[in-house]
Amino acid sequence: MTASITPASVPADSPYVLERGIDWTGAFWVASGVPPLVLFSIGAVAATVGKLSWVIWMASIALGFIQSFTYAEIAGLFPNKAGGTSIYGAIAWVRYGKIIAPISVWCNWFAWSPVQATGSALAAGYILTGLFAPDALINTWHVTLLDLSSIKAGLSLRINAIFILGAVILLAVKFIQDGGILRSANTTKILGISAMIPLILIGVVPILTGDIVEANYFPLAPLTHDAAGKVMDGTWNMAGITVFAAGMFLAAWSTYGFETAVCYTGEFKNPKTDTFKAIFYSGLLCVVVYTLVPFAFQGFLGLSGMLAPDIYSGMGVAAVMAKMVHAGRIGGMIVVVMLVLALVLSLMTSMAGSSRTLYQASLDGWLPRYLSKVNAHGAPTAAMSTNLVFNLLLLLMSDSVFVIGAANVGYLIFNFLNLNAGWIHRLDRPTQYRPWRAPTWILAAGTLLSFANLAFMGFGADVYGAGTLNTGLIFAALIVPVFVYRHYIQDKGEFPSIMAQDLDFVDGDRIVKRGGIFPYLVLVLGVIVVVITHQLAVY
């Protein structure tokens, strides 16, 4: 029988306790749903930046790998908490402003949660286009529920076959997740092996068979259009920089995602050693996939192929990848099936990680109390049900790239806050035991990258729709009334005891706030970076 998380003041038989049922390999397999995220936006990035696409993906995963070492350190500080790095980062920021800390948690959740809507839509699309002709009635009928063109041209809420099949897929994933983290880890291990096979083949086979064309990679110039709308190689002026930043912005939503490996710290059998191993080896897997797959994809398809509408939307990606491995008709169907399994794996990863963020945020006093309840298997079922409802609403939306873009605004805000939480924890908790301590230069690099991420966001978010940045910022601000209700009305201005013990003392020593004005200066500078880059952007 697995042991349970038993923080001080929480009884072992409490309905708010997760179970310690996995080691780092279990978290690795759950996080193996991150590499398939390349399927979500490989087309949109390519259609945005053109021949720079392969460089964008390599640079983005390199930045994500550097940042992960900061997250590995702060995760080790709180071995009894689940929910991921936003939870650990919030504890750093709360001492400098109660309203700042929950923004990190909220932004992390609403950035990760749309993986479920987008992934289930892609999986449904792969299935429907594989079984029926593009112009078949099942692929063309829809019922418009609400016109959202005031937010973005062409955006609407609609019901179609993709929504219905996607909803079935989401419900099946939740059923598996309700069985607890051990069942989820075992399921994702099977799916992970099935998913990695086609992704690795897609990255390697075209290189071995000589199907990639060198001209498809060069010149390294941003994509632009002439007056007649014809695609051409651009120049490195402000418009070109905007395009580059837009690519880095959207790729980050996928490449940085393996930080979810530390969402399960509170469910590790030995969190002191498992935490670092989980994020490190998950990162290595992502480095391989995010380097090989986009490189081979671009070399095989070329610029004109990458600009096709079904590549931008993602719906045509599976068919192209089947051709890349010379699978033939039957083999191609098998590849598509395996890619569908890869997408289901991503859904598993997202539902597991984002629900635990909601769970721990509720337990710590950031979000409504009901989210901290778990079922008999130790799974945060209330949080997963909330995730499911939210994603069914997103699944109704007609433009998945817009959804990813708006969600990524929150994701880069979360990354900004958490990368800076690394040095704040170093200042405020200098003597606290760290199972793994990042080199100081890594923390410094993470701090610099936090501002680079905001620059990518300021420059590039609205490339994916004029309202993308504002939509993301508005959604980020929704945490304010939610937190005010929980903290000041329900909890009367006091944090739950399980949270208070992490704020005041460590190993019997009182925690002293040593950051001074520097955390506030970082926030002001961050706002300035976003404002300036957004004004400099040329669309």
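Residues numbered from 1 in each chain as written. Predicted model: local features only at pLDDT ≥ 70, side-chain atom pairs only at ≥ 80, totals over all residues. Heavy atoms only, no water.

## Brief notes about the pattern of salt bridges
And then number 1: Following the criterion strictly, the structure yields five salt bridges and no others.
And then number 2: Here the residues in one salt-bridge network are Glu73, Arg426 and Arg434, joined through shared partners. (Salt bridge = Lys/Arg side-chain N within 4 Å of Asp/Glu carboxyl O.)

## Description of the packing of aromatic side chains
And then number 1: Counted under the stated rule, the structure contains 31 aromatic pairs.
And then number 2: Consider the rings of Trp106 and Phe475, whose centres lie 5.8 Å apart with planes at 20°: the pair is stacked. Taken together, the residues Trp106 in helix α5 (residues 101-112) and Phe475 in helix α18 (residues 468-477) connect sequence positions 369 residues apart.
And then number 3: Given a relative accessible area of 11%, Trp106 falls into the buried group.
And then number 4: Look at Phe475 and you get partly exposed, because its relative accessible area is 24%.
And then number 5: Centroid distance Trp366 to Phe495: 5.2 Å. Interplanar angle 70°. Geometry classified as edge-to-face. (Phe/Tyr/Trp six-rings, centres within 6.5 Å; stacked < 30°, edge-to-face > 60°. Helix = DSSP H or I, 4+ residues; strand = E, 2+ residues; numbered from the N terminus. Buried < 20%, exposed > 50% of the residue type's maximum accessible area, 1.4 Å probe, protein only.)

## A word on the confidence of the model for the protein chain
And then number 1: Summary statistics for the protein chain give a mean pLDDT of 87 and a share of 93% for residues scoring 70 or more.
And then number 2: The low-confidence segment residues 1-16 (pLDDT under 50) makes 37 contacts with residues lying over four places distant or belonging to another chain. (pLDDT = per-residue confidence, 0-100. Contact = heavy atoms within 4.5 Å.)

## Comments concerning the nonpolar core
And then number 1: One finds Leu39, Phe297, Met321 and Trp366 to be the most contacted residues of the largest nonpolar core, which totals 167 residues.
And then number 2: Of all the elements, helix α16 (residues 400-428) adds the most residues to this core, at 16 residues.
And then number 3: In this structure Leu39 touches Leu122, Tyr126, Leu199, Val317, Met321, Leu339 and Leu343, once residues within four positions along its chain are discounted. (Core = buried A, V, L, I, M, F, W, Y, C linked by side-chain atoms within 4.5 Å.)

## Things to note about helix α17 (residues 440-460)
And then number 1: Under the 1.5 Å per step criterion, the end-to-end length of α17 is 30 Å for 21 residues, consistent within 8% with the ideal 30 Å.
And then number 2: Of all 21 residues making up α17, 16 are buried, and the element is well covered by its neighbours. (Expected span 1.5 Å × (residues − 1).)

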